[in-house]
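# Structural overview for review
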Amino acid sequence: MSILNKTDKIKNLFIVNPGAGTKQAKRHLPGILDLFSENNGENIVYLTSKSGDGIEFVSHYAASADRIICIGGDGTLSEVINGIKYNGFDIPIGYIPTGTANDFSNSLNLSKNIMQAAKDIIDGRIISVDIGRFSAESTEPAKRERYFSYIASFGVFTKASYNTPQSAKNTFGHFAYIIEGIKELPDIRPKYIEIETDSKKIEGEYIFGAISNSTSVGGILSFSPNTVDMSDGLFEIMLIKPLNNAKAVSDCVYSLLTQNYNSEYILLFSTDKAVIYADSDMKWSLDGERENGCEMIKIQNLQRAIKIIVKS
């Protein structure tokens with residue numbers, strides 16, 4: 001499927017986070033705009049400066065666009081997706097990743113070269129991929145609902161995803177998340193949760209949990225492409241039990257590094273939806289952005305809900 005056979009001008013809405021990653025977007029933006037203009041494009045550009053800008057710009061300006069070009073990290077892409085879903089738009093997204101981890105783009109094998117990623121959008125094809133809906137059902141005074149492109153997580157390293165300073169990300173790349181995560185280790189307390197799916201009920205204490213649709217998580221964990229299909233309507237849920245001694249840590253790390261998840265400390269299964277009961281104070285991370293918890297959370301896979309432009 002392609003939108004590139006139009007004879008009229010192709011209206012491109014650019015949502016750009018100039019501060020993402022090593023700030024490459026700002027440096028390459030003129031060349032990117034020239035490239036799209038030369039290929040029958042009519043460009044409108046908005047630069048984000050604070051959280052929520054991506055949602056606002058999509059909500060106000062995307063209705064007349066043929067495609068949205070997101071230039072930034074996974075958090076910027078997540079805001080674009082939320083703007084699309086909140087407004088019921090059906091607009092394909094071209095993603096030029098300039099963030100630190102870029103888990104979503106890695107899973108789709110999007111080019112790490114910024115100008116090549118731009119060319120791939122121009123010459124590309126449209127596919128449909130799954131996203132998640134995170135619904136905090138027991139929040140007062142009203143239910144909260146957010147969408148995520150590839151992951152909802154809690155526990156160890158979760159705070160690191162949104163607490164790591166941008167300056168550290170710029171200097172150390174995804175290793176900055178590990179550095180920030182190490183700071184959490186002295187304060188790790190297992191979280192007691194209950195998870196209900198159509199086929200099982202799980203309860204117990206865990207130091208980490210992730211509901212994901214990605215082959216890469218924070219540049220730290222990874223799943224085999226044979227395990228993850230981003231359009232199959234299923235999430236992969238990983239839970240890690242408390243690691244109370246050196247042998248447990250070694251066994252868990254080995255399992256994660258080798259992608260052999262038979263460890264007694266790791267649970268891994270697939271589902272299309274889950275209800276999670278947890279302490280309301282337990283913090284979550286959605287695509288690397290902070291989200292408050294609540295006593296009951298419903299997470300659902302929305303199969304093929306978003307259109308993404310990938311390399312032909």
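Details of the structure are given in the entry above.
Treat the numbers as computed from the prediction; the structure is a model and nothing was measured. (Residues numbered from 1 in each chain as written. Predicted model: local features only at pLDDT ≥ 70, side-chain atom pairs only at ≥ 80, totals over all residues. Heavy atoms only, no water.)

### As for the overall build of the protein chain
For the protein chain, the count of helices and strands is 9 helices and 18 strands. Each of the 312 residues in the protein chain was classed as buried or not, and the buried ones make up 52%. Of all intrachain contacts in the protein chain linking residues separated by at least 6 positions in sequence, the fraction that spans at least 24 positions is 72%. Here the protein chain has roughly 14200 Å² of accessible surface; of this, 48% comes from carbon and sulfur atoms. (Helix = DSSP H or I, 4+ residues; strand = E, 2+ residues; numbered from the N terminus. Buried < 20%, exposed > 50% of the residue type's maximum accessible area, 1.4 Å probe, protein only. Contact = heavy atoms within 4.5 Å. Areas by Shrake-Rupley, 256 points an atom, 1.4 Å probe, with all protein chains shown as cover.)

### A look at the sheet that holds strand S10 (residues 208-212)
The sheet built from 6 strands is open, its strands ordered S14-S13-S10-S7-S16-S17 with antiparallel pairing. A single partner strand is all that each edge strand has here, and the edge strands are strand S14 (266-271) and strand S17 (289-291). In this sheet, adjacent strand axes meet at a mean angle of 20° when their direction is disregarded. As paired elements, strand S16 (residues 284-286) and S17 share 3 bridges and run antiparallel to each other. Across the sheet, Ser285 pairs through a bridge with Arg290, a residue of S17. (Pairing = 2+ DSSP bridges. Axes fitted to C-alpha atoms, helices over the stretch in contact; angles between N-to-C directions.)

### Notes on the nonpolar core
Of all hydrophobic cores here, the largest spans 41 residues; its most connected members are Ile68, Val80, Ile93, Phe104, Leu108, Ile240 and Ile308. When residues no more than four places from it in sequence are discounted, the contact partners of Val80 are Ile15, Val58, Ile68, Cys70 and Ile93. If you look at the next biggest cluster of nonpolar residues, it comprises 23 residues, including Ala152, Tyr206, Ile211 and Ala278. (Core = buried A, V, L, I, M, F, W, Y, C linked by side-chain atoms within 4.5 Å.)

### Topic: the environment of Pro190
Among the secondary structure elements, Pro190 is positioned in the loop between helix H8 (175-184) and strand S8 (191-196). Taking relative accessible area as the criterion, Pro190 reaches 33% and is therefore assigned partly exposed. Once the C-alpha coordinates of Pro190 and Pro242 are considered, the two residues, 52 residues apart in sequence, prove to be 6.4 Å apart. Beyond its immediate chain neighbours, meaning those up to four positions away, Pro190 contacts Glu205, Tyr206, Ile207 and Pro242.

### What about the pattern of salt bridges?
The tally for this structure, following the rule as stated, stands at 7 salt bridges. Asp53 is the salt-bridge partner of Lys50, the closest N and O atoms lying 2.9 Å from each other. According to the relative accessible area criterion, Asp53 is buried, its value standing at 3%. The salt bridge partner of Glu196 is Lys201, with a shortest N-O separation of 3.9 Å. One network of salt bridges, in which partners are shared, links Arg144, Arg146 and Glu291. (Salt bridge = Lys/Arg side-chain N within 4 Å of Asp/Glu carboxyl O.)

### Digging into the pairing of strand S9 (residues 201-206)
Side-chain alternation along S9 places Ile202, Gly204 and Tyr206 on a buried face and Lys201, Glu203 and Glu205 on a face that remains uncovered. With 6 bridges joining them, S8 and S9 adopt antiparallel strand pairing. Note on S9: the bridge partner recorded for Tyr192 is Glu205. Linking S8 to S9, which pair antiparallel, is a turn of 4 residues.

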